[in-house]
Each structure stands twice: as structure tokens, then as C-alpha cells.
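Residues per chain are reported as follows:
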Protein chains: 4
Amino acid sequence: MKVLAFLGSTRKNGNSEYLAKKIVEGTDHTIVYLSDKHIQPIVDMRHTEEGFSPVNDDYEELVKLMEEHDVLLFATPLYWYGMSGPMKNYFDRWSQYLRDQRFNFKEELAKKKAYVVITGGSSAKITGLPLVQQFQFIFEFVNMEFADYIIGAGVKPGEIVNDKAALDKAESWNKQFR
Amino acid sequence: MKVLAFLGSTRKNGNSEYLAKKIVEGTDHTIVYLSDKHIQPIVDMRHTEEGFSPVNDDYEELVKLMEEHDVLLFATPLYWYGMSGPMKNYFDRWSQYLRDQRFNFKEELAKKKAYVVITGGSSAKITGLPLVQQFQFIFEFVNMEFADYIIGAGVKPGEIVNDKAALDKAESWNKQFR
Amino acid sequence: MKVLAFLGSTRKNGNSEYLAKKIVEGTDHTIVYLSDKHIQPIVDMRHTEEGFSPVNDDYEELVKLMEEHDVLLFATPLYWYGMSGPMKNYFDRWSQYLRDQRFNFKEELAKKKAYVVITGGSSAKITGLPLVQQFQFIFEFVNMEFADYIIGAGVKPGEIVNDKAALDKAESWNKQFR
Amino acid sequence: MKVLAFLGSTRKNGNSEYLAKKIVEGTDHTIVYLSDKHIQPIVDMRHTEEGFSPVNDDYEELVKLMEEHDVLLFATPLYWYGMSGPMKNYFDRWSQYLRDQRFNFKEELAKKKAYVVITGGSSAKITGLPLVQQFQFIFEFVNMEFADYIIGAGVKPGEIVNDKAALDKAESWNKQFR
């Protein structure tokens, strides 16, 4: 099983990254730091005659990576009770590639299994729930299985090591992915 | 009452923009097209010694506009069951300005009243609810009153004119703002 | 179109009842005050050999009423951020009748259109959202169309007359049902 | 720490009961099977001159039990995406006792810590989220700390033993309560 981890954080070595790395450790995997990639916001051309125009950024590379992996792991800190802006811009562009005849993007997505990691303060186990629901709607739309999610407690870098339940779950996912 | 409308859409003349314009018509207002502004994603420096660095983009202009208005109207199409990426990047940067000693950003935000417009397909009245809940958490965090929200039905440009309940509510907000 | 209104309130002449009556006024309809009916809580026998036992209460009368109507209107005050206890006991018993060979209960439910009225304090437009989501899951389970919902503001009897948006929506449903 | 476990299920030896018993094993605790208690639905008299009338059922016994314990554990199967009817009737009656001068019910509740166990099918980790949000609003209203929740996977009696994450969390709560 090949795991593709999308990291949404805008800092390095944070808590969501820590969990993501525990999850993929020793597996066949690729890690993408979304904030290091050049990803343009969507320009919504769904209802224009000309349709979407090709965009000169790093996105097609990500589409190809998705095709090549079986599991998509989305790891984001809870920023203002949602996924990070860079991760949101990444998802918004799905709308473009679902319509791009060069890819079978929707069919490809439907074959993947999705896992979600959210980190935030101790209240994130409640305030992160709308984000879990949003992910559910996203995956449902493309018929992707939403296998499971972790909401971990960690704000300052490193705090996540105290959230035993989150670490246990990360470890159990890791075993499945090996 | 001065109304500041933040438009999250990445196309012009869409349904969320239509509602927003109905709402502010004839009032003392300013409209900001977020996708026309240069807004960098947050770089999370909350837990570093040096803290946040100044960013050379259009954001400070938006902070000043917020200070000068009484009502903040957030209008976004439902993109992947959330606010648009450009609007998310706008909110993420609040974290920086809450810590910027040059502004009393948190105190200023607590004086405002927030209104939200979301547009999407006919199912958005359900699938848009996690986004409403996210807005609620955002406004609660800064003690801003979440006055009301509209979830309007419109996907193709212009479709919103058939959603009488949304138009009625837009009109009633407009009367309050005049 | 025949409308069956289930009222969940445990007081008479409250705000949810007021809205429900506006909605069905002049239509071919039946009103059921759930708290006046004798409805036993479910006894969960799904995984026993003997299965469910017949219950000697008013429930079968409600099953027959549902068969005879096209629209199901569920009107409940927000009690502790959920539907009222009597309405919950009503829904719990669906589990029994879905398995009762004498009725085609699931097929019947799939033909109906569901409308929901929730009333509560001014914050109910936010705190009532988990209940809207619960109704969505309920109706989805039985393939019933969830046509629309109203969250009205009214706590003391009569207060609802000040919620113009709720009254407008009630009136527009009424027109569809006539 | 004295733990009071309210069981909402309407069958004996189900999955939510199993988890609840793991959680309280070896602690100073009391278990209440809500479906064995005689609990009348609330009769909403909040806005009448006479107010609430005394009800001749088992409820005052529960009020006294709550006063005597430090931790309240609410364990319910997910029935139609909510708590069970008997548990809902139990909560609805809080409205009466918050107004009963013989008790300091609200002050008492504010001293407790709340834990929630929900069991359902494998999708309950998503479809149970509105119920978690409802509990959050309930506890927030009475200033009770919502310490944590478990959403366990188990439909047929006994299935819960396969949900390792739920059992691990139950065990870790148990350690805190000993």
C-alpha cells in the first residue's frame, strides 16, 4: 500500500507533521508539504464557454502523485476551525481536474482511501468536528472511502507527544499501511 | 452603519456576489474582492522567538478597512463544502494581526457584527452547515456577534434570483443597514 | 398533497405549533400531538431470535397515517439542543416497524417529502444545526427527500410572530401544499 | 472520584453498556439503567404562572444521585443519529429541576465532569458527530466540563470488543477514575 501524505501546516516540525510521519514511518510513502508547492487558487470557469485554462504551477505533479498512491493522508493543523489555506487551495483545484480530459481524476480518486489528521488545542476534539464533516462531504462527493480520522491535541511544537490516544491510533494506522 | 463586504468567489458576477450586492445596495459600504488582493498564506510563527515578520502584501489595507466599518459581511460560494481558498487565507492571517502591537485587532473585531452569505447547490442548505458552524467558532473566538446567515441556492451565474427566501432575507438585512 | 404534521412540543399553543398550523392552514392535513399519544420507548430486539414483539399503544395508528399522507412535517421546539423526548421516542420506534412484515414501512417512507420546523431562542439558528444534521441522516437512511427546514426564533408562547423570515417561509410552504 | 453512569440503551448487555462497565470497573460508581426508571416526559411549564408541578416518578432519585457523584458518564447507542428516547426524556427534565428551589441543580451540575460514550455502526464516527455537538451544547449551558467522548463501533451485542481504539480509551478513562 502506497501512502501519499499531504501536509497542510505552514510551519515545519509541527504537531500534524509529527503524527503524519509516525503514520507513514517504514511504509512506502511520499510526503508533500503543500505550503512548499506553488498552487494557484482556483479560477472558477465551470460555467464559461472556454472552460478552465491550464495553470502553470505545481498542481499536475500532485495529480500524478495521487494516481500513483493508494492511500491519501491529509494532515492539517486546525486553523480558524478549518483546514489551512494552502490545503484549501489544493482542494479547490480538484474542480478543475475533475473536468480535465487528460486525467481520469474522479475515477482515480474513487479508488483511494482517505485518512485525516487534525491537530489543535484540547478543545479541537469538539471545534474540529465541522472540519471532519467537511472532509466527509468532500470524500463522499468523489466516492472515496473515508477510512478514519484522528483529532490530536497539540499547539506548541512537540506537545502532541502527550496525546496517547492520538499516538496509539497513529501507530495502528501505521501497522495497516506497512 | 458602514458595511464591509468580503467576497470570496474566484469568479466575477456569481451568485454570492449578487446577494452581497443586494445586501449593501444603497448603504454606506465597501466591497473587497479577496481574489483580487495579494494575500500571502499565513506563515505560522506563533511559537518562535522572533514571532511574525511583516509581510509585503495587501493585508494591512484590509485590517484598516475592518477598523473603519461596523458590519463585516462574508460572502463565499461553497467550495468543497467550505469557504473559498482565498477567503481561508484571509482568515488564517488574523492569527498574525492578533499579535501585531500596532493594531488593536482583537478589540476592534469584538465591536463588529458579522453576517455570512453562502451560495451553492440546492443541497447547500445541509452541506453548508459545517461552514456555518466554523464561522460561529471563528466569531466566538474574537467575541464578534454572529448576527445572521443566508444559505442561498445558485450554482450557475444568475440562478440565485430564483431563491426567494434568500432574496427576502438579503432585502431585510439591507433595510437594517441603510 | 396531504400533509401530516407531527408536533413534538409538550405544551399547547407554543411557537412550533404556531408555525406548523400556519404551514398546514387551508391544506388537506392531519395534526398529531405526539405528547398526547401513548408511545412506548423502543425495546431494541433487533438482534434477538424472537425479534420485536407487538406493542399495545398508539403507534400503529401513526404508521397508517404516514401511509396516507404525502408530506411529513416535523415540528419541534429545541429541547436541550435536540428534538423533544416524545418525538425521539416516536423516531426510535421506526426501527421496529421497518422490520414489521405487515407494513411496507421503508418503501412508504421513501415516497414522502420531509419538512422540519425547529423553534428556540435567537441562538437556535446555530445551536439547532446539529438537529438539522440529525434529521438529514434520518431521512437519508430511509431515502426520504428532506425538502426544507425552518429554524424559528421563539421561546415564550407567541414570540414567533416577530420572526418574519420564519413566517415568510411558512407561508411559502403553505402555498406549495395547497 | 465517584462515577455515575447513565445507560441509555433499551436492551441489556449491549455495546454501550459494555464500554460503560469497562470504564467504571473497580471505581467507586453507580450505574443507572434509564430504561428501567420511570421517567415522565417533561411538561413544559416554563412560561406559565403556576410553573412546574411535582411529578410522581423516579426523577428526584436521579437528581440526588447526580449531587453525590463527581463524574457523569452518559452511554448511549446511536438511535436514529441521536441519543435514545429514554435518555432524551431524562435530559428534557433538567429544565424542570433547574427551576426547582429545593435543589441547587445548576450549581451542582457545574461541578461535574461529563464523559460520553456513543456506540453504533462503523459510520457512527461520522454520523454520531451531531450528537457529540449536541452534548457539547448541553454541557456548555450548565457550565459542566465536557472531558471527553468515545464513539465505538458495535451494533450486534459484543461487536465492540473488536474496536481496539474504543477499548483503549475506555481503559485510560478507567485509570483516571480509580
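Residues numbered from 1 in each chain as written. Chains lettered and ligands numbered in written order. Predicted model: local features only at pLDDT ≥ 70, side-chain atom pairs only at ≥ 80, totals over all residues. Heavy atoms only, no water.

A. Quick peek at the overall build of chain A. The secondary structure content of chain A amounts to eight helices and five strands. In chain A, the succession of α and β elements from N to C terminus is β-α-β-α-β-α-α-α-β-α-α-β-α. The principal-axis extent of the C-alpha atoms belonging to chain A is close to 55 × 35 × 25 Å. Within chain A, buried positions represent 58% of all 178 residues. By sequence separation, contacts in chain A at least 24 residues apart represent 77% of the contacts at least 6 residues apart. (Helix = DSSP H or I, 4+ residues; strand = E, 2+ residues; numbered from the N terminus. Buried < 20%, exposed > 50% of the residue type's maximum accessible area, 1.4 Å probe, protein only. Contact = heavy atoms within 4.5 Å.)

B. How the structure looks around the pattern of salt bridges. Under the defined criterion, the tally for this structure stands at 52 salt bridges over all chains. Between Asp 44 of chain C and Arg 46 of chain C there is a salt bridge, and its shortest N-O distance comes to 2.8 Å. Under the relative-accessibility criterion, Asp 44 of chain C is labelled buried at 5%. Classification of Arg 46 of chain C by relative accessible area gives partly exposed; the value is 29%. Through salt bridges with shared partners, a single ionic network connects Arg 11 of chain A together with Asp 44 and Arg 46 of chain B. (Salt bridge = Lys/Arg side-chain N within 4 Å of Asp/Glu carboxyl O.)

C. Spotlight on the relation of the copies chain D and chain C. Superposing chain D onto chain C takes a rotation of 180° plus a shift of 0.0 Å along the axis, which leaves an RMSD of 0.0 Å. The two molecules are tied by a two-fold rotation axis, judged by turn and shift. Scanning chain D for the C-alpha nearest the rotation axis identifies Pro 130 of chain D, at a separation of 2.3 Å. Interface overlap between copies: 100% of the residues of chain D at the interface are likewise at the interface in chain C, consistent with a symmetric, same-surface contact. (Least-squares fit on C-alpha atoms with pLDDT ≥ 70 in both.)

D. Region of the structure containing the relation of the copies chain A and chain B. Overlaying chain A on chain B yields an RMSD of 0.0 Å, the required transformation being a rotation through 180° with an accompanying axial translation of 0.0 Å. Here 100% of the contact residues of chain A are again contact residues in chain B; the copies associate through an equivalent surface.

E. Local environment of the interface of chain A and chain B. Tallying the contact residues gives 34 residues for chain A and 34 residues for chain B. Summed over both sides, the interface of chain A with chain B buries roughly 3000 Å², with 64% coming from carbon and sulfur. For chain A, the biggest contributors to the area lost against chain B are Trp 80, Tyr 81 and Phe 137 of chain A; these three give 27% of the whole. Put simply, chain A and chain B have two salt bridges between them. For the pair chain A and chain B, the interface holds 20 residue pairs in polar contact (both at pLDDT 80 or more). Within the residue set of the side of chain A that touches chain B, elements represented by two or more residues are α3 (85-92), α4 (94-97) and α7 (129-141) of chain A. (Buried area = accessible area lost by both parts, 1.4 Å probe. Polar contact = N/O pair within 3.5 Å; in protein donor to acceptor, adjacent residues only side chain to side chain.)

F. Up close: the interface of chain D and chain C. Each partner contributes residues to the interface: chain D has 34 residues there, and chain C has 34 residues. Regarding the contact of chain D and chain C, the summed buried area is about 3000 Å², with carbon and sulfur atoms giving 64% of it. The interface formed by chain D and chain C includes two salt bridges. A salt bridge links Arg 11 of chain D to Asp 44 of chain C, with the nearest nitrogen and oxygen atoms 3.4 Å apart. For the interface between chain D and chain C, the tally reads 20 residue pairs in polar contact (both at pLDDT 80 or more).

G. Highlighting the packing of aromatic side chains. The final tally for this structure, using the stated rule, is 88 aromatic pairs over all chains. Relative to Phe 177 of chain C, the ring of Tyr 115 of chain C lies with its centre 4.8 Å away and its plane at 85°, an arrangement referred to as edge-to-face. Taken together, the residues span a long stretch of sequence, with Tyr 115 of chain C in strand β4 (residues 113-120) and Phe 177 of chain C in helix α8 (residues 164-177) at a distance of 62 residues. Judged by relative accessible area, which is 1%, Phe 177 of chain C ranks as buried. Directly above the ring of Tyr 149 of chain A sits Lys 169 of chain A, whose terminal nitrogen or CZ lies 5.5 Å from the centroid. (Phe/Tyr/Trp six-rings, centres within 6.5 Å; stacked < 30°, edge-to-face > 60°. Lys NZ or Arg CZ within 6 Å of the ring centre and 35° of its normal.)

H. Region of the structure containing the nonpolar core. The biggest cluster of nonpolar side chains holds 164 residues, and the ones touching the most others in it are Trp 94 of chain A, Trp 94 of chain B, Trp 94 of chain C together with Trp 94 of chain D. Apart from the residues within four sequence positions on either side, Trp 94 of chain C is in contact with Tyr 59, Met 66, Phe 74, Phe 105, Leu 109, Ile 138, Val 142 and Met 144 of chain C together with Trp 80 of chain D. (Core = buried A, V, L, I, M, F, W, Y, C linked by side-chain atoms within 4.5 Å.)

I. Broad picture of the environment of Glu 60 of chain B. Residues and elements named next belong to chain B. As for its position among the elements, Glu 60 is in helix α2 (residues 59-68). Its relative accessible area of 21% is what places Glu 60 among the partly exposed residues. When the C-alpha atoms of Glu 60 and Phe 141 are compared, they prove to be 21 Å apart, with 81 residues separating the residues in sequence. What Glu 60 contacts, discounting residues up to four positions off in sequence, is Tyr 97, Arg 102 and Phe 103.

J. Spotlight on the sheet that holds strand β5 (residues 145-153) of chain D. Residues and elements named next belong to chain D. Spatially, five strands are ordered β2-β1-β3-β4-β5 in an open sheet, and the strand pairing comes out parallel. The outermost strands of the open sheet, each flanked by one partner alone, are β2 (28-33) and β5. When the angles between neighbouring strand axes are averaged without regard to direction, this sheet yields 15°. Bridging between strand β4 (residues 113-120) and β5 involves eight bridges; their strand directions are parallel. (Pairing = 2+ DSSP bridges. Axes fitted to C-alpha atoms, helices over the stretch in contact; angles between N-to-C directions.)

K. Main features of the sheet that holds strand β2 (residues 28-33) of chain C. Residues and elements named next belong to chain C. Strand order in the open sheet made by the five strands is β2-β1-β3-β4-β5, with parallel pairing throughout. Taken across any chain shown, the strands that pair with only one partner, and hence form the sheet edges, are β2 and β5 (145-153). Mean inter-strand twist for the sheet, computed between neighbouring axes without regard to direction, equals 15°. With five bridges joining them, strand β1 (residues 2-7) and strand β3 (residues 71-77) adopt parallel strand pairing. For Phe 6, the partnering residue across the bridge sits in β3 and is Phe 74. Running at roughly 160° to β5, helix α7 (residues 129-141) makes contact with β3, β4 and β5 of the sheet. Docked against the sheet, α8 engages β1, β3, β4 and β5, running at close to 145° with respect to β5.

L. How the structure looks around α8 of chain C. Residue and element names in this part refer to chain C. Taking 1.5 Å of rise per residue, the 14 residues of α8 would be expected to cover 20 Å, and the 20 Å separating its terminal C-alpha atoms lies within 8% of that figure. Residues of α8 that are buried: Ala 166, Ala 170, Trp 173, Asn 174 and Phe 177. End-on, the buried residues of α8 take up no more than an arc of 105°, which puts them together on one face. When the buried face of α8 is taken as reference, the exposed residues oriented beyond 90 degrees from it are Lys 164 and Lys 175. Next to the buried residues of α8 lie β1, α1 (15-24), β3, β4 and β5. (Expected span 1.5 Å × (residues − 1). Arc of directions from axis to C-beta.)

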